[in-house]
Amino acid sequence: MTKLALSQYTQQIDAKIQECIDSAERYFKIKLKPPSYNFKQRGRTAGTAYLQRNEMRFNTFMLQQDPQKFIDNVVPHEVAHIVVHQVFGAKVRPHGKEWIAVMEHLFNVEAHRTHDFDVPKARNAFLYQCQCQTHEFTAHRHGRAERGTHYICRSCRAPLTFLKKK
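Cut-offs and rules
Residues numbered from 1 in each chain as written. Predicted model: local features only at pLDDT ≥ 70, side-chain atom pairs only at ≥ 80, totals over all residues. Heavy atoms only, no water. Helix = DSSP H or I, 4+ residues; strand = E, 2+ residues; numbered from the N terminus. Contact = heavy atoms within 4.5 Å. Lys, Arg positive; Asp, Glu negative; His and termini not counted. Charge placed at Lys NZ, Arg CZ, Asp CG, Glu CD. Pairing = 2+ DSSP bridges. Axes fitted to C-alpha atoms, helices over the stretch in contact; angles between N-to-C directions. Disulfide = S-S within 2.5 Å. Salt bridge = Lys/Arg side-chain N within 4 Å of Asp/Glu carboxyl O. Buried < 20%, exposed > 50% of the residue type's maximum accessible area, 1.4 Å probe, protein only. 1 Å grid on protein atoms, 1.4 Å probe; cavity = no way out; pocket = protein on both sides within 12 Å on 5 of 7 lines; lining within 4 Å. Points joined across faces, edges and corners; volume = space filled by probe spheres on them. Nonpolar A, V, L, I, M, F, W, Y, C, P; charged D, E, K, R; others polar.

Caption draft 1: Quick look at the overall build of the protein. Scanning the protein from terminus to terminus reveals five helices and six strands. On the principal axes, the C-alpha backbone points of the protein span a range of 55 × 40 × 25 Å. Within the protein, contacts between residues separated by at least 24 positions form 51% of all contacts whose residues are at least 6 apart in sequence. Each charge sign in the protein was given a centre, from 26 positive and 15 negative side chains, and these centres are 10 Å apart.

Pasting the structure below:
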């Protein structure tokens, strides 16, 4: 995504963040520190909130698929994490009752933990085999398997063994 195309969405994202923060400040009757954000998120995740840094990262691959849906759902999702952290502290569950309440009652957005945007194809794929099929692993998951994490097939319950790099 070009910087020009991205700049048209930053105004909408800024406005959505401010709308969410204003709503939370009115409800909780406190002043919140607005988070910063960038477009450094990569991979299968639409967005991430870094609570201690008060920072959010958004995935441009998913933003460009449906900008309005992204701004209406992903941005409030991550702002809700920031709000919950600032109001309730670090001891609450990431998608717990406090986060759900902020999403649904303050932001009027359905509280979903996951997104349904298309994800980019893995650049490095690794093939694993069980008794019934071949499985494709990302480089990250393959690395975990190499360091000792054991994976089993959900269908046949057999262990997955490395075949080759795709």
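Caption draft 2: Layout of the sheet that holds strand β2 (residues 47–50). Strand order in the open sheet made by the three strands is β1-β3-β2, with mixed pairing throughout. Looking at which strands have only one partner, the edges of the open sheet turn out to be β1 (36–38) and β2. Averaged over all adjacent pairs, the angle separating strand axes in this sheet is 20 degrees, with direction ignored. Here β1 pairs with strand β3 (residues 55–58) via three bridges, running parallel. Bridge pairing in β3 links Tyr37 to Met56. This element, helix α3 (residues 67–88), spans β2 and β3 of the sheet and lies at about 150 degrees to β3.

Caption draft 3: The state of the cysteines, seen in detail. Under the defined criterion, the tally for this structure stands at zero disulfides. Cys130 takes part in no disulfide bond, and the closest cysteine sulfur to it belongs to Cys132, at a distance of 3.6 Å. Cys153 forms no disulfide, and the closest cysteine sulfur to it belongs to Cys130, at a distance of 3.7 Å.

Caption draft 4: Seen up close, the pattern of salt bridges. Evaluated as defined, the whole model comprises six salt bridges. The salt bridge partner of Lys16 is Glu19, with a shortest N-O separation of 3.4 Å. Of this pair, Lys16 and Glu19 both sit in helix α1 (residues 3–28), separated by three residues, roughly a single helical turn. Between Arg53 and Glu55 there is a salt bridge, with its nearest N and O atoms 3.8 Å apart. Its relative accessible area of 14% is what places Glu55 among the buried residues. Counted as one network, the salt bridges with shared partners bring together Arg53, Glu55 and Arg57.

Caption draft 5: Spotlight on the layout of surface pockets. If you add up the space inside the largest pocket, you get close to 700 Å³. Lining the largest pocket are 19 residues, and of these Gly43, Pro120, Lys121, Ala122 and Arg123 lie nearest its centre. Mapped onto the lining of the largest pocket, the elements with two or more residues apiece are α2 (60–63), β5 (134–138) and α5 (139–146). Counted by class, the lining of the largest pocket contains six nonpolar, seven polar and six charged residues.

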